[in-house]
Every structure is written in structure tokens, then in C-alpha cells.
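Single-letter residue listing:
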Amino acid sequence: MGRLILILGGARSGKSTQAQRLAKVHGGQVLFIATAEGLDDEMRARIAAHRSERPPDWQTLEIPYNVADAFIRLSPPSDVVLLDCLTLLVSNLLLLEGDIDQPDMARADGFAHRLEAEIQALLEAMRGSRADWIVVSNEVGMGLVPPYPSGRLYRDLLGYANQRLAAQADEVYWMVAGIPVPIHGYRFKI
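These numbers come from a predicted model, not from an experiment.

1. Things to note about the nonpolar core
- Among the nonpolar cores identified, the biggest contains 37 residues, and I33, M126, W133, V135 and L165 are the most heavily contacted of them.
- Of all the secondary-structure elements, those providing two or more residues to this core are β1 (4–9), β2 (30–34), α3 (67–74), β4 (80–84), α4 (86–95), α5 (105–127), β5 (132–138) and α6 (149–168).
- For this core, the element with the most residues is α5, which contributes eight residues.
- If sequence neighbours within four positions are ignored, M126 has contacts with M1, L4, W133, V135 and L165.
- Grouped together as the second largest cluster of nonpolar side chains are 16 residues, I5, A19, A23 and V80 included.

Quick look at the structure:
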């Protein structure tokens, strides 16, 4: 397994920009795994903007969930894999369930088991890969407690997913106003 770098931060904190910067500095073949789905005009515009920011020689896989399976089946040989982002991957898994406005404890446990399976498969794919991985995710647990059960469930599940990846990461960065703050395993000046 190559190195795993996790980049966390709030919305518009510079996470994706930093991840792309690291991938460019790394050099070699880059595989970009995008988890966003263009379900409305605004999101389709965001996806188009993100596509235009990536170098043309980067390979791209657009995978909303079951990332590990698709990576194993479809990925070309890569030196670095940039997964942007874990935040939407967790959201996509929740939305697969349909109406999540009133999740009961049994459903919440089911969501947690599906997320654990996704994260475990992703970590196993990373371990089986020689590529270095850069994973982008939002930190959503620092604000107000969400007023709805589905928001609290999402916050909890994403927090869990971030912890699982951070525990395996060689480096973790916290993005603040476009500035990467090393919080674990800092190796390189950026």
C-alpha cells in the first residue's frame, strides 16, 4: 500500500484545491475518483467547473458509491488516486435509502453497517493498491447540532467515516482559509 493522505476542512476551505496540488506535486499517473452526482442544475454546474480545473491527462472515474468495487474493476494503473469526496460518498449511501427524514434506531444501525462495509472495502482497496491515496472530506461536526434526525445521523456517520480513515492515514491535514494545517504525520512542506 502507498501512503494515505486525508484532507479535512469546512465548506470552501480549499480542500479540493490542496488535494489537486498534492496530486500534481506527486506526479505520475493520477486517477481522480469523483463521488458527486449531478442531480440538479446547480450541482451539474459545480461538477462541470471541477472537471475543467483538472489537468486533461488525469483519468476520472465518477462513482457515487461502491467505490472500492468500481476502483478494483475499472481503474487504470495509477501512481496516485484522489478521492473527492468522502462527504458526498456518505450522503449518497444515505440517499440510496430513500426517505431518511425520520430514521429509527434500527434503520440508523442499518445505515451504519452499510457505511462500515463501504469504508472497510475502501480501506482494503487502498491496501491492495500500490498507489498513494489522497482523500478529501468535510468536517461537519463543529457547528450547531442539526435540528433534524437525518442531519444528526449524517453528521454522526460522516464523523465515524472520517475517524476510520484518519486512523489509517499517514498524513492528515486540516484546511483553514486555503491553508493546510498538518495535524498528523506531517512529512512535506506544502
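2. Some points on the side chain of T87
- With respect to the element layout, T87 can be found in helix α4.
- Not counting residues within four places of it along the chain, the set of residues in contact with T87 comprises V136, S137, N138, Y154 and L158.

3. Structural notes on the environment of A121
- Considering the arrangement of structural elements, one finds A121 in helix α5.
- Since its relative accessible area comes to 30%, A121 is described here as partly exposed.
- Considered as a pair, A121 and N66 are 55 residues apart in the sequence and their alpha carbons are 8.4 Å apart.

4. Let's talk about the sheet that holds strand β3 (residues 59–62)
- The sheet built from seven strands is open, its strands ordered β3-β2-β4-β5-β1-β6-β7 with mixed pairing. Strand pairing shows two members of the sheet lacking a second neighbour, β3 and β7 (179–184), which therefore form its edges. Each adjacent strand pair in this sheet contributes to an overall mean axis angle of 20°, direction not counted.
- Where helix α1 (residues 15–26) meets the sheet, its contacts fall on β1, β2, β4, β5, β6 (171–176) and β7, and the angle it forms with β5 comes to roughly 175°.

5. Some thoughts on a nonpolar patch on the surface
- On the surface, V176, I179, V181 and I183 cluster together to form a nonpolar patch covering roughly 330 Å² of accessible area.
- Here the element with the most residues in the nonpolar patch is β7; it accounts for three residues.
- Locating I179 in the fold gives a position in strand β7.

6. Some points on the pairing of β1
- The buried fraction of β1 is high, at six of six residues.
- Note: β1 against β5, six bridges, orientation parallel. Bridging across to β5, I5 finds its partner in I134.
- The pairing of β1 with β6 spans five bridges and is classified as parallel. Bridging across to β6, I7 finds its partner in Y173.

7. Here we look at the side chain of R164
- Structurally, R164 is set in helix α6.
- Here the side chain of R164 touches E116 through a polar contact of 3.0 Å, side chain to side chain.
- If we skip the residues at most four places from it in the chain, R164 touches E116, I119, Q120 and L123.

8. A look at the packing of aromatic side chains
- Within the structure shown, the criterion is met by two aromatic pairs.
- For the ring pair F71 and W133, a centre distance of 4.9 Å and an interplane angle of 65° mean the geometry is edge-to-face. Of the two residues, F71 is situated in helix α3 and W133 in strand β5; the sequence distance between them amounts to 62 residues.
- Positioned above the aromatic ring of F32 is the side chain of R54, whose terminal nitrogen or guanidinium carbon lies 3.9 Å from the ring centre.

9. Here we look at the pattern of salt bridges
- Evaluation of the coordinates by the stated rule reveals seven salt bridges.
- The shortest N-O distance in the salt bridge between E171 and R3 comes to 2.1 Å. Of this pair, E171 sits in strand β6 while R3 sits in the segment before β1, and the two are 168 residues apart along the sequence.
- Taking the relative accessible area as the measure of exposure, E171 reaches 1% and is therefore buried.

Calculation rules
- Positions within a chain are numbered from 1, following the residues in the order the chain's sequence is written.
- With pLDDT at 70 or above as the cut-off, local features in this predicted model cover only qualifying residues; side-chain atom pairs require 80 or more to be listed or tallied, and sums for whole chains, interfaces and linings still use all residues.
- Side-chain metrics rest on all non-hydrogen atoms present in the structure, leaving aside hydrogens and water.
- For the purposes of this section, nonpolar cores are sets of buried Ala, Val, Leu, Ile, Met, Phe, Trp, Tyr and Cys residues that join through side-chain atoms within 4.5 Å.
- Burial classes follow relative accessibility: with a 1.4 Å probe on protein chains only, a residue under 20% of its type's maximum area counts as buried, one over 50% as exposed, and anything between as partly exposed.
- Under the scheme used here, helices are H or I runs from DSSP no shorter than 4 residues and strands are E runs no shorter than 2 residues, and both carry numbers assigned from the N terminus.
- Any two residues having at least one pair of non-hydrogen atoms within 4.5 Å are treated as being in contact.
- Whether two strands pair depends on DSSP finding at least two bridges between them.
- Think of each axis as a best-fit line through the C-alpha atoms, taken over the contacting stretch in the case of a helix, with angles from 0 to 180 degrees between the N-to-C directions.
- Residues enter a patch when their relative accessible area is above 30% and they make no salt bridge; the linking distance is 9 Å between like charges and 5 Å between nonpolar side chains (Val, Leu, Ile, Met, Phe, Trp, Tyr).
- Using a 1.4 Å probe, accessible areas were evaluated by the Shrake-Rupley method; residue-level cover was limited to the displayed protein chains.
- Salt bridges are defined by distance alone: a side-chain nitrogen of Lys or Arg within 4 Å of a carboxyl oxygen of Asp or Glu.
- Pairs of N or O atoms are called polar contacts if they sit within 3.5 Å, as long as, within protein, a hydrogen donor faces a hydrogen acceptor (for residues adjacent in sequence, only side-chain-to-side-chain pairs).
- Think of it this way: a Phe, Tyr or Trp ring, Trp meaning its six-membered ring, pairs with another when their centres are within 6.5 Å, and the plane angle makes it stacked under 30 degrees, edge-to-face over 60, tilted otherwise.
- Here, a charge over a ring is recorded when the distance from Lys NZ or Arg CZ to the ring centre is within 6 Å and its angle to the ring normal is within 35 degrees.

Fair warning: the whole summary comes from geometry, so function is off the table for now.
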